Every structure is written in structure tokens, then in C-alpha cells.
Amino acid sequence: MPKSRTAKRGTLRFRTSPFLFKTQVGMLLVITLLVITLGSVEEIRFYQNIGDALKLQRTSQALTVGIGALLLLFGVLIVLSVGRSVSGEFERAYDLLKVEVTERRRAEEELRRRNEYLAALHETTLALMNRLDVADLLETIVARAAQLLGTEHGYVYLVNSAQNILERKVGVGFFAQSIGFRMRPGQGLAGLVWENEEALVVNDYATWPKRTPTPRVHQNIIKAVMGVPLMSRHRVVGVIGLAYNIDSGRTFGESEVELLSGFAQLASIALDNAQLFEEADQRTLQIQTLYRADEEIYRHLETHEVLQALVDVAVDILKADKSVLLAWNANHTHLIPKAASGFQEETLASMAFTTESGLVGHVATYAEPVVVKDTTRDRHIDWHITYPEHIRSFVHVPITIDGQVYGVFNVNYTQPRAFGEDDLRLILALAQRAALAIENAKLYEQAQQAAMLEERQRLARELHDAVTQTLFSASIIADILPRLSEVNPKEAERRIKELRELTRGALAEMRTLLMELRPTALSEASINELLHQLGEATMGRARVPVNVSANLTCDLPHKVKVALYRIAQEALNNISKPVSYTHLTLPTKRIV
């Protein structure tokens, strides 16, 4: 059915009949009822759906709550698991961090100690180069080592090879009260270090069974102690050590031993340097000693003077207490004292050795030195000599000349002594120089004997050529004078004058020869007297008048006087040559 709309919005207008209207209204009512009915059904259905939805919602909520609870439970479990894992990782990370921090602190502390150690080594090395006093340097080394390791107590022992002991030379802290304390090998900690040649640490010294009581040091105040050997030329020359007192509660470990070993090396270098310096000084002293010995020995030309000079030099230069030189007697059967210093006369009188007589005989037989460091420990010594003379150590060395043992040179000391190679070398050098000096003295004696023989022959020739002929001529003139005085008195008078000149000349010649036999007479007589004697001797020998005008009043030195005498003597000797001289004048004058 058509309908129309007006301009007004929302208003409906129907253009129908009433029946139709009523029909339409009925239909509308039916529709309305139907709609209402349907709406109710839908509403019921809606509400049913809402009920179902509510049920579903409640179920969903229940499921959601259950699932949420499960999820929460799973979440809690996951959180707990993750938390435990995270906590473990965190703890491990924290532990690693703590270890790292600890290691870093330890490394920093070690670096600091290493820097201090290097600085101490540097300072000690500088001191090592600038100082040669071993005791002072060792004290500096042990004090620096003790400072680095946080203690005040340390020591240094040095080996005494002569007595085979350790002697404490340096001490700081409570060890300073026992300087000079000695130990044997294997005794105490230092003795064990010396014997085993390796470092030793005792961290509970109070209960250590091998500890050795130290004078003026209470053992219970020492908590820990360590010692490190001082090595030189592959042998132990000493021990350096440190100690902690009981109050510190500290102990020594490998790092402390390593640090002290570094200082031990410095101490060993210091000892080596000191030994080298001592050896150089000793070598210089030996050279000076040999120079003095040469000067003293070689200025003597007599054998007994050379031997006495040798023993005197030994006592003076070698700082010996006694010395004796034994040489063969005339029969070459016994070695007897030829020179000595410091011995009693009774002991020297009892000395007579053969090749079978102990150590002296061994040296004389085999021409090799014998060294005795301590007479109380040697059964081969001669007690009748060493005991009264209080000899505790000595050296016998041979004196050889032309491959034969001339004698035995002996150097003695009243204290035990460890003779080193340098000592033995010096004594042998003195013996060799003595052998050369003795040989020179023998050559001098032979030269003297040859000169004496030659002088005797010269005097014999001069006596024969001069004095004998003059006296022979004088005797002939004296024989003919009685007869000549009867025959020719004037000729006799001339011959008497000639006889007087001959006898005066012979007398002057004899005086000259006697003066040659006594060289001191030349220095005692004046130059004027000497020249007049030469003139008279020449006049008597050459039969030529000699006029000597010598009137010197000055005091001439001995050498100048002898030189003038020899010049005049040689000049007057030329008259005896086949040259005709009628007169000879020997003038002298003073030259200012």
C-alpha cells in the first residue's frame, strides 16, 4: 500500500479506508504481539545465552584462575630456578672478582716489594762499587735485606779455612750481641747451610732439635730463621741469614728465600771484589817485598852476610816470628844453622839434620817445600825444636844452586797459619833470590881470591923488577966500597951517595907496595907524602933525579886523592921505559 511522506520529518500519514485501517491496525497488533512474542523468545533465548555465557565465563574464569595459578606456579618455579641460577652465577662472579682483586693486590704488593728489592739492590750495588770495607758492606747488605722482609735481625758468617769453622762477622738486631760466635760444619742452621751448600728455613725454631745456643741471645725469642749460602768460585765462603722474633708471628717462604738469595749474590760479589783487591794488594806487597829483599840481599857480597840478610828479611817482611837457614857442613853430612833470627842459642846448638831427619831431611832429599799449618796435629815434626820455641806453624823450602840443594830455608810462626799459594810463592821467591845471592857471593869470593892471587903475582913481579934489582945494585956497590975507598976516594964518595939513593928508593918502593896491600893507607896519608914516596921510588928505580914540588894544604876527598895518586904513579912509571931522561919535575898546584 502506497504511502506518502510529508515535509515534516518523522510524521506518517495514511490515505486509506477505516476497514483497511483497522485491518492494518490488527495486523500491526498481531505483528506487535508476534514481535513481542518473538522478542520474549529471543529474550529468553538471550537470557539463556547470557546464562550459558555466564557459565562459560565462570568456567573460563575458573580455567583462567587455574591456568593463572599454574602459570604463577610455573613463573614462581621459573623465577626461583632462574634466581638460584643467577645467584650461583653472581656468587661465582663475586668469588672470581674477589680472587682477582686479591691477586691484583698480591701482585701490587709483590711489585712494590720487587721495586723495593731492585732499589735496594741498586743502592747496594753502588755501595759495592764505592766501598772496599767488607764488614761495613756486609752489614749494609744484611740490614737492607732485613728491612725489606720486615725484620730487624740478621747475620753473616764467613768461613775460616785455616781452622775449618764459621765465624759470625756481622750481626744486626739481637745477633749484634754475638759477633765472633763460631760454628763447625753441620752445627746449627748456619753449619747445615755450609755443609749442604743450600738454603734452609726453620719456621718453628723454638722446637727445632738441631738449634745451637747462641751466647747472649735467648732462643725462645726467635720464631723463624733462614740461611742462604754465600758462594764464590763454586764453594761456600759464608752464610747470610735473617730471623723473625716470636712477637711478629711471621714465617719465611719461597719468596723470602728468593729475595735473600739475591742479596747473598751481592754479598758474594762483595767478597770476591774484596778478595781480588786483597790479592792485588798482596801482589803489590809481594813485588815491594821482593824489591826490598833484592835491595837488602844483593848489597851484601859475603856469604854469611847474605844468609843473615835472608832470615832478617823473612822476619821483617813476612811478619814471621822466627827464621833459620840450614846449610851443609864442610863434610856435607849434616845441615847446620848458618844464619838465624828469633831462636834461642840452645835450640840452634841442637840443630843438626841429616837426609834421614824428618821433614828437613825430606826437603834436602827431594828439593820440595814442606808446609805445616799446625804443629800440634803433625806427628812428623821435631818436638825438641818446636816445643821450646813455641812454634805452631812453619814452612821449609829448599835453596838449590846448580841443581843441588845448598840448604833449607825455614820460616816459623808462633800461631797456626793457613799458608796460601801466594805465601808459598813469596817464600820460594825469597829462597831463589837467596840462591842467586849466594852464588854471586861465591863468585865474588872466587874473584877476590883470583884478584888476591893476581895482586900477589904483580907484587912479586914488582919486587923482582924494582926492589930486588935496586937492593941487588945496592949490595954490589956496598961490596966494592971498601976497596974503592982505598983506590979512588972521590969515586967512593959518589958511590956512597948512589947507595944512599938506592936504599931510599928501595924503602920508598917497599912503602908503596905495602900501601897497595893496605888500601886504607891511601886515605890516611896526605897527598904530599904520597907524591914524595912515588918520586923517591922512581928515582931509586930509574936512576933519574925526581923533583917533587907538592905543597897542597887543602883536604882532598878520598876519591880525588886516589885519582891524583894513580895519575902520578902512571906518569912516573913511564920513566922505566927505554927513554933517556936526565931530570924529572913533578909540580902540583891548587886550582880554585
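For the structure, see preceding data.
Residues numbered from 1 in each chain as written. Predicted model: local features only at pLDDT ≥ 70, side-chain atom pairs only at ≥ 80, totals over all residues. Heavy atoms only, no water.

## A few points about the overall build of the chain
When its secondary structure is counted, the chain shows 13 helices and 15 strands. Sorting the 592 residues of the chain into buried and exposed places 35% on the buried side. (Helix = DSSP H or I, 4+ residues; strand = E, 2+ residues; numbered from the N terminus. Buried < 20%, exposed > 50% of the residue type's maximum accessible area, 1.4 Å probe, protein only.)

## Comments concerning the packing of helix 2 (residues 134-148) against helix 4 (residues 254-297)
Where helix 2 meets helix 4, the axes come as close as 10 Å, and the angle between the chain directions of the two elements is 175°. Between helix 2 and helix 4, the angle falls in the class roughly antiparallel. On the side of helix 2, the interface is formed by Val134, Leu137, Leu138, Ile141, Arg144, Ala145 and Leu148, while helix 4 contributes Leu259, Leu260, Phe263, Leu266, Ala267, Ala270, Leu271 and Ala274. (Axes fitted to C-alpha atoms, helices over the stretch in contact; angles between N-to-C directions. Parallel < 35°, antiparallel > 145°, perpendicular 65-115°, else oblique. Contact = heavy atoms within 4.5 Å.)

## A closer look at the sheet that holds strand 13 (residues 404-413)
Hydrogen bonding along the main chain pairs the strands of a sheet, whether they run parallel or antiparallel. Pairing in this open sheet of five strands is antiparallel, and the strands run 10-9-13-12-11 from one edge to the other. Two strands lie at the open edges of the sheet, namely strand 10 (335-341) and strand 11 (370-372), each paired on one side alone. Each adjacent strand pair in this sheet contributes to an overall mean axis angle of 20°, direction not counted. With six bridges joining them, strand 9 (residues 322-328) and strand 10 adopt antiparallel strand pairing. In the sheet register, Val324 faces strand 10, and the bridge partner there is Ala340. Most of the contacts of helix 5 (residues 303-317) go to strand 10, to which it runs at about 60°, and overall it touches strand 9, strand 10, strand 12 (393-401) and strand 13. (Pairing = 2+ DSSP bridges.)

## Some points on the side chain of Ser268
On the secondary structure map, Ser268 appears in helix 4. Apart from the residues within four sequence positions on either side, Ser268 is in contact with Leu230 and Met231.

## What to know about helix 13 (residues 558-573)
A rise of 1.5 Å per residue sets the reference length of helix 13, with its 16 residues, at 22 Å; its end C-alpha atoms lie 22 Å apart and thus fit the reference within 8%. Residues of helix 13 that are buried include every one of Lys561, Tyr565, Ala568, Gln569 and Leu572, and no others. The buried side chains of helix 13 occupy one side of the element, clustering within an arc of 105° when seen end-on. Exposed residues pointing more than 90 degrees away from the buried face of helix 13 are listed as Lys559, Ile567 and Glu570. (Expected span 1.5 Å × (residues − 1). Arc of directions from axis to C-beta.)

## Focus: unusual backbone geometry
Its identity is not glycine, yet Glu197 carries a phi of approximately 60°, on the positive side. Locating Glu197 in the fold gives a position in the loop between helix 3 (188-196) and strand 6 (200-202). Given the relative accessible area of 47%, Glu197 is considered partly exposed. Positive phi values are uncommon outside glycine, yet Lys319 reaches one of about 55°. Within the fold, Lys319 resides in the loop between helix 5 and strand 9. According to the relative accessible area criterion, Lys319 is exposed, its value standing at 62%.

## Comments concerning the nonpolar core
By size, the foremost hydrophobic cluster in this structure holds 35 residues, and its most contacted members are Leu310, Leu318, Leu325, Ile399, Phe409, Val411 and Leu430. Those elements giving two or more residues to this core turn out to be helix 4, helix 5, strand 9, strand 12, strand 13 and helix 9 (421-487). Broken down by element, the residue count for this core peaks at ten residues, all from helix 9. Once residues within four sequence positions are removed from consideration, Leu430 is found in contact with Leu290, Ala293, Leu310, Val313, Leu318 and Phe409. Counting residues in each nonpolar core, the second largest holds 30 residues, with Ala146, Val170, Met226 and Val237 among its members. (Core = buried A, V, L, I, M, F, W, Y, C linked by side-chain atoms within 4.5 Å.)

## Focus on the pairing of strand 8 (residues 235-245)
A large share of strand 8 lies buried, amounting to nine of its eleven residues. Here strand 3 (residues 153-160) pairs with strand 8 via six bridges, running antiparallel. Among the inter-strand pairings, Val156 is bridged to a residue of strand 8, identified as Ile240. In this structure, strand 7 (residues 222-232) lies alongside strand 8, joined through ten bridges in antiparallel fashion. Within strand 8, the residue paired with Ala224 across the bridge is Tyr244. From the end of strand 7 to the start of strand 8, which pair antiparallel, there are two residues, and Arg233 there has a positive phi angle of about 55°.

## Structural notes on the packing of aromatic side chains
Across all of its chains, the model carries six aromatic pairs by this definition. An angle of 55° between the planes, with centres 5.6 Å apart, marks the rings of Tyr413 and Phe419 as tilted. Overall, Phe419 belongs to the buried group, its relative accessible area being 12%. The side chain of Lys322 reaches across the aromatic face of Phe343, ending 5.8 Å from its centre. Geometry around Tyr413 places Arg417 over its ring, the cationic atom sitting 4.4 Å from the centre. (Phe/Tyr/Trp six-rings, centres within 6.5 Å; stacked < 30°, edge-to-face > 60°. Lys NZ or Arg CZ within 6 Å of the ring centre and 35° of its normal.)

## Quick notes on helix 7 (residues 358-366)
Count 3.6 residues to each turn of an α-helix, and residues three or four apart come out pointing the same way. Looking only at helix 7, the buried set comprises Leu359, Val360, Gly361, Val363 and Ala364. On its buried face, helix 7 is in contact with strand 9, strand 10, strand 11, strand 12 and strand 13. Downstream of helix 7 by one or two residues, Ala367 has phi in the positive range, about 55°.

## Re a nonpolar patch on the surface
Side chains of Ile67, Leu70, Leu71, Leu73, Phe74, Leu77 and Ile78 sit close together on the surface and give an oily, nonpolar patch of about 690 Å² of accessible area. By secondary structure assignment, the location of Ile67 is in helix 1 (residues 18-130). (Patch = residues over 30% accessible without salt bridge, like charges linked within 9 Å, V, L, I, M, F, W, Y side chains within 5 Å. Areas by Shrake-Rupley, 256 points an atom, 1.4 Å probe, with all protein chains shown as cover. Salt bridge = Lys/Arg side-chain N within 4 Å of Asp/Glu carboxyl O.)

## Points about the pattern of salt bridges
Summed over all chains, the structure comprises eight salt bridges. Linking Arg182 and Glu167 is a salt bridge whose minimum nitrogen-to-oxygen distance equals 3.8 Å. Remark: Glu167 occurs in strand 4 (residues 165-172) and Arg182 occurs in strand 5 (residues 182-183); sequence separation between them is 15 residues. Look at Arg182 and you get partly exposed, because its relative accessible area is 39%.

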